[in-house]
Amino acid sequence: AQSVAQPEDQVNVAEGNPLTVKCTYSVSGNPYLFWYVQYPNRGLQFLLKYITGDNLVKGSYGFEAEFNKSQTSFHLKKPSALVSDSALYFCAVRDRGYGNKLVFGAGTILRVKS
Amino acid sequence: ETGVTQTPRHLVMGMTNKKSLKCEQHLGHNAMYWYKQSAKKPLELMFVYSLEERVENNSVPSRFSPECPNSSHLFLHLHTLQPEDSALYLCASSQDRPGSGTDTQYFGPGTRLTVL
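Residues numbered from 1 in each chain as written. Chains lettered and ligands numbered in written order. Predicted model: local features only at pLDDT ≥ 70, side-chain atom pairs only at ≥ 80, totals over all residues. Heavy atoms only, no water.

**Student:** Run through the overall build of chain A, naming residues and quoting values.
**Tutor:** A count of helical and extended segments in chain A gives zero helices and 12 strands. Ordered by position in the sequence, the α and β elements of chain A form the string β-β-β-β-β-β-β-β-β-β-β-β. Taking 13 Å as the expected radius of gyration for a compact globule of 114 residues, we find that chain A reaches 14 Å, a close match to that expectation. With respect to the principal axes defined by its C-alpha atoms, chain A has extents near 45 × 30 × 20 Å. In chain A, buried positions account for 47% of the 114 residues. Contacts in chain A between residues at least 24 apart in sequence constitute 57% of all its contacts with a sequence separation of at least 6. In the form shown here, chain A has an accessible surface area of approximately 5300 Å², with 48% of it arising from carbon and sulfur atoms. (Helix = DSSP H or I, 4+ residues; strand = E, 2+ residues; numbered from the N terminus. Rg over C-alpha atoms; globule rule 2.2 N^0.38 Å. Buried < 20%, exposed > 50% of the residue type's maximum accessible area, 1.4 Å probe, protein only. Contact = heavy atoms within 4.5 Å. Areas by Shrake-Rupley, 256 points an atom, 1.4 Å probe, with all protein chains shown as cover.)

As structure tokens, this is what we get:
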């Protein structure tokens, strides 16, 4: 079965500093990996995904994520955080061998302080 | 975000009421999903429809009844709910070509449901 872990409930970072939101996954085959962001009282917005190819994936709003197969990780990063990046971030995985079911992590709250 | 719309945005209902949540997608997708989002819990996949056929039902109580009349519309009919059913209900859609797991799901804004 596939699973996702987001080990940090909350990440605090100062505006202008780099940010990292961690995600590790477990699948039996090769994974498809996704990051979503949720602002208060809103649905989930797609940020980026890893399917194959280059391990560094670039997405919306200046975010990027690095796929590391040996560490089974897919951490979300941004070089310079903005206060407006404060939100709830979800990592999700789909196991290529198990149909189209998408499994989400519990989410990480990102707080960026000015 | 306007690609997937949900109504109503907020709903308060008693345990004996019957209500329905509506989702509409304007993206030309062929798969639609219902998720439940409760505080401090991962998103729970409830139902999946592909080409208007239900392909997944994750052990959801029968007081939740989905309906997908066409590929653009998805309903969740609610009756005799319990207070623990209070949550944010999210609808999503994706292209979902058969055999492909690469398609992105796009979410609506959700319906905040409170059961008294």
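After that view of the structure, there is still more to cover.
**Student:** Can you break down the packing of aromatic side chains residue by residue, with the values?
**Tutor:** All told, the structure shown has 14 aromatic pairs over all chains when counted by the stated rule. On the numbers, 5.7 Å between centres and 90 degrees between planes, the contact of A:F104 with B:Y35 is edge-to-face. Pair noted here: A:F104 is in strand β11 (residues 103–104) and B:Y35 is in strand β4 (residues 31–37), and the two residues belong to different chains. For B:Y35, a relative accessible area of 1% gives the class buried. Cluster of aromatic residues (ring-pair linked, three or more members): A:Y36, A:F46, A:F90, A:F104, B:Y33, B:Y35, B:Y106 and B:F107. (Phe/Tyr/Trp six-rings, centres within 6.5 Å; stacked < 30°, edge-to-face > 60°.)

**Student:** Lay out the interface of chain A and chain B in plain terms, naming residues and giving numbers.
**Tutor:** Each partner contributes residues to the interface: chain A has 21 residues there, and chain B has 22 residues. Note on chain A versus chain B: buried area summed over both sides is about 1700 Å², and carbon and sulfur give 49% of it. Inspection of the chain A/chain B interface yields zero salt bridges. Applying the counting rule to chain A against chain B returns five residue pairs in polar contact (both at pLDDT 80 or more). Considered class by class, the residues forming the side of chain A that touches chain B number 11 nonpolar, six polar and four charged. (Buried area = accessible area lost by both parts, 1.4 Å probe. Salt bridge = Lys/Arg side-chain N within 4 Å of Asp/Glu carboxyl O. Polar contact = N/O pair within 3.5 Å; in protein donor to acceptor, adjacent residues only side chain to side chain. Nonpolar A, V, L, I, M, F, W, Y, C, P; charged D, E, K, R; others polar.)

**Student:** Hey, could you go over the state of the cysteines for me, with residue numbers and the actual values?
**Tutor:** The full count for this structure, using the stated rule, is two disulfides over all chains. Linked covalently through their sulfurs, A:C23 and A:C91 form a disulfide whose S-S length is 2.0 Å. One disulfide, between A:C23 and A:C91, carries an S-S torsion of -65 degrees and so falls in the left-handed class. Taken together, the residues span a long stretch of sequence, with A:C23 in the loop between β3 (19–21) and β4 (24–26) and A:C91 in strand β10 (residues 87–95) at a distance of 68 residues. As far as the burial class goes, A:C23 and A:C91 line up, both buried. Here B:C23 is linked by a disulfide to B:C91, with a sulfur-sulfur distance of 1.9 Å. Handedness here is read from the sign of the S-S torsion; for B:C23 and B:C91, about -70 degrees, the answer is left-handed. (Disulfide = S-S within 2.5 Å.)

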